[in-house]
Amino acid sequence: MKLTDIKAADLIRGYENRDFSCEEVVKEYLKNIEENEKDINAYVTVMAEDALKNAKKVDAKYQNREELGILAGVPVGVKDNIAVKDVKMTCSSKMLENFIVPYDSVVSERLKKEDSVIIGKTNMDEFAMGSTTKTSYFGVSKNPLDRTLVSGGSSGGSAAALGAKECALAIGTDTGGSTRQPASFCGLVGIKPTYGTIPRYGVSTMANTFDQVGAFGKDVEDAALLLKALEGKDLRDATSTGNISIHENIDFTNDEAAIEYLKEMKIAIPKQYLDMNLNSRVKEDFDKAIDTFKSNGATIEVVDMNSLENIIETYHILTNGEISSNMARLDSLRYGHRTEEYEDFKEMFKKSRQEGFGDEVKRRIMIGAHILSLDLAEDYYYKALKVRTLIKEDYEKVFKNFNMVLCPTVPVLPFKIEDDMSPVEMYQADLFTIPANMIGSPSISVPMPKVDGLSVGMELTGRRFKDSEIIKAALGFERSVK
Ligand code: GLN
C-alpha cells in the first residue's frame, strides 16, 4: 500500500506509531500532484514549499512529543473560495486571478491550529456557480474515476484532488449540493453540516442563507474527523452557531457496532422521488440501498412531500437574488480585475465586470437583479420566500416522525466533459441536494460500491443539529456494503 492510499484517520495513527514521517507523506502527495495535475487539473495553486515546511514542523512536534492537533500531518486541499493568508484566492474567476488574500478564514485558522498541512487551493466553478467545474476560468477538473467525465461541481477540484490522491482530505462549500454532488461523482464521502456550524468568515459568499462549508473524506470517519476540526462558533460570523459535537458516542472502529446503528434509524423516502424517472443505474442503486437499510433493521417508510416539486425554481430565484447583491462588491475599485482603458468610473465598473466575469456568473447576476427590481420582487422573490417556508414546514412534519430522508445524491450519472448541456438541464440535476440548503439541514453523500469503475452516491438529509444521526446512519451503511 502506498502512503497516499492511507486514509486520514490511519495516517494519524501511523504518525503516532512512527511508521512514517509527515515529510515522507507530503512528498508522496506532491509526487502524485506532479504526475497527475497536467491532466486532472484539480488545483489552481499548489503550495508545495509551504507544505514541505509545515510537514517538517509537524515531524518535529511528533519527535519532541509536543501536544498536537487532531489533524496533525494530514495534507488537505482547500477550495479556492476560502481564504488562506498570503496565498492567491481566485474563486476560479478572471476577476480575482491575481488576488492574494491578506488574512486567514476561520477554516484556515482551524486547519492550521489542528496541525494539518494545507497542500493547495482547489479548482471550482466560478464563484461556486455550477455543477461541473466547466465554468472555471482555469478549465475543467477531470474525474479521477474516468477522465472523460466531469468531477462535478462546484467543489469539483476538491473531489478530484482527493480522488486522484493529491490530498488526504478536502474542503468544499455547499450552496445547493456543491460538496455532496462532486463526492457522489468521484466515489467519495461528502458532508454539508447544519447551517451555521462552520463559521464562514473568510469564505467568499455565493448565497448567504444557503452557503455552508463542507468536508470531503475517503470514508465517513475521515469526513467526520474534518468536520470536528472545523465546527464551532466564531464571533466574526453572525450566522455561526455553537459546537455540535458530532463525534459524541460514535464508534468508528467497529464494523458491527456501526451496522447496529441502523436499527435506531427511522428513514423517510419522498413518494415524489420514487415516482420519478431516474437514470436506470441510479434507480438500481437506490433500490439496493433501500434494501440494505431495511435488511439491517432500519425502518423505512414512504412519505408525501408536495412542496418538493417547486424546489429548483425556488432555489434559483432566491440564490440569484442573493448572488446579484453579493457580486456587486466586485467592482474593480478596491481589488480584482480592472479594465485597461476607460473614460470615467462608470465605464470602468462596466468594462471590468464585463471582462472579469464568465457567462454563468453574468447570467445569475442579471436574473437576480431583474427579479429583485421594483414590483417583480413581490412576484418572484417574496413569493419564493413563502415557498421556502412551505418546504421547511413539509420537512418539519417529516422530521417529527423520522430521523432523516433518503434519496440518491444526484438523479443522473456524472456528465461527460464534452456534453454541451443547457443551463436549465444542468440545474435539474440539483434536485436532490438543494432541499438541505433550503432548510439548513445537515446532509451527507455516501458512495454505493463501484460497478464498472463508477459509483453512485446515496444521500441522507437529517434534522438540524442532529448531524451525528446522519453520520451514524452513513457509517452503518458504508460498513454494511463494503
Ligand atoms: N450546482 C448548484 C448551482 O449551480 C450548486 C452550487 C453550489 O452548491 N455552490 O447553483
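Nothing here was measured: the structure is a model prediction, and the numbers come from that model.

## Brief notes about the packing of aromatic side chains
Reasoning step 1: If you walk through the whole model with that rule in mind, you get 13 aromatic pairs.
Reasoning step 2: Note on F99 and Y335: the rings are 5.1 Å apart at their centroids and 25° apart in plane angle, and the pair reads as stacked. Taken together, the positions of F99 in the loop between β2 (75-79) and α4 (106-113) and Y335 in the loop between α11 (311-327) and α12 (345-356) put the pair 236 residues apart, joining distant regions of the chain.
Reasoning step 3: Its relative accessible area of 19% is what places F99 among the buried residues.
Reasoning step 4: Classification of Y335 by relative accessible area gives partly exposed; the value is 29%.
Reasoning step 5: Considering the side-chain rings of Y137 and F138, the 5.4 Å spacing of their centres and the 70° angle between planes classify their relative orientation as edge-to-face.
Reasoning step 6: For Y137, a relative accessible area of 41% puts it in the partly exposed group.
Reasoning step 7: Here the aromatic residues Y15, F20 and Y62 are joined through ring pairs into a cluster of three or more.

## Remarks on the side chain of T319
Reasoning step 1: Relative to the helices and strands, T319 is located in helix α11.
Reasoning step 2: By relative accessible area, which is 0% here, T319 ends up buried.
Reasoning step 3: Within the local environment of T319, its side chain forms a polar contact with the backbone oxygen of Y315, the two atoms lying 2.7 Å apart.

So, how was this worked out
- Residues numbered from 1 in each chain as written.
- Predicted model: local features only at pLDDT ≥ 70, side-chain atom pairs only at ≥ 80, totals over all residues.
- Heavy atoms only, no water.
- Phe/Tyr/Trp six-rings, centres within 6.5 Å; stacked < 30°, edge-to-face > 60°.
- Helix = DSSP H or I, 4+ residues; strand = E, 2+ residues; numbered from the N terminus.
- Buried < 20%, exposed > 50% of the residue type's maximum accessible area, 1.4 Å probe, protein only.
- Polar contact = N/O pair within 3.5 Å; in protein donor to acceptor, adjacent residues only side chain to side chain.

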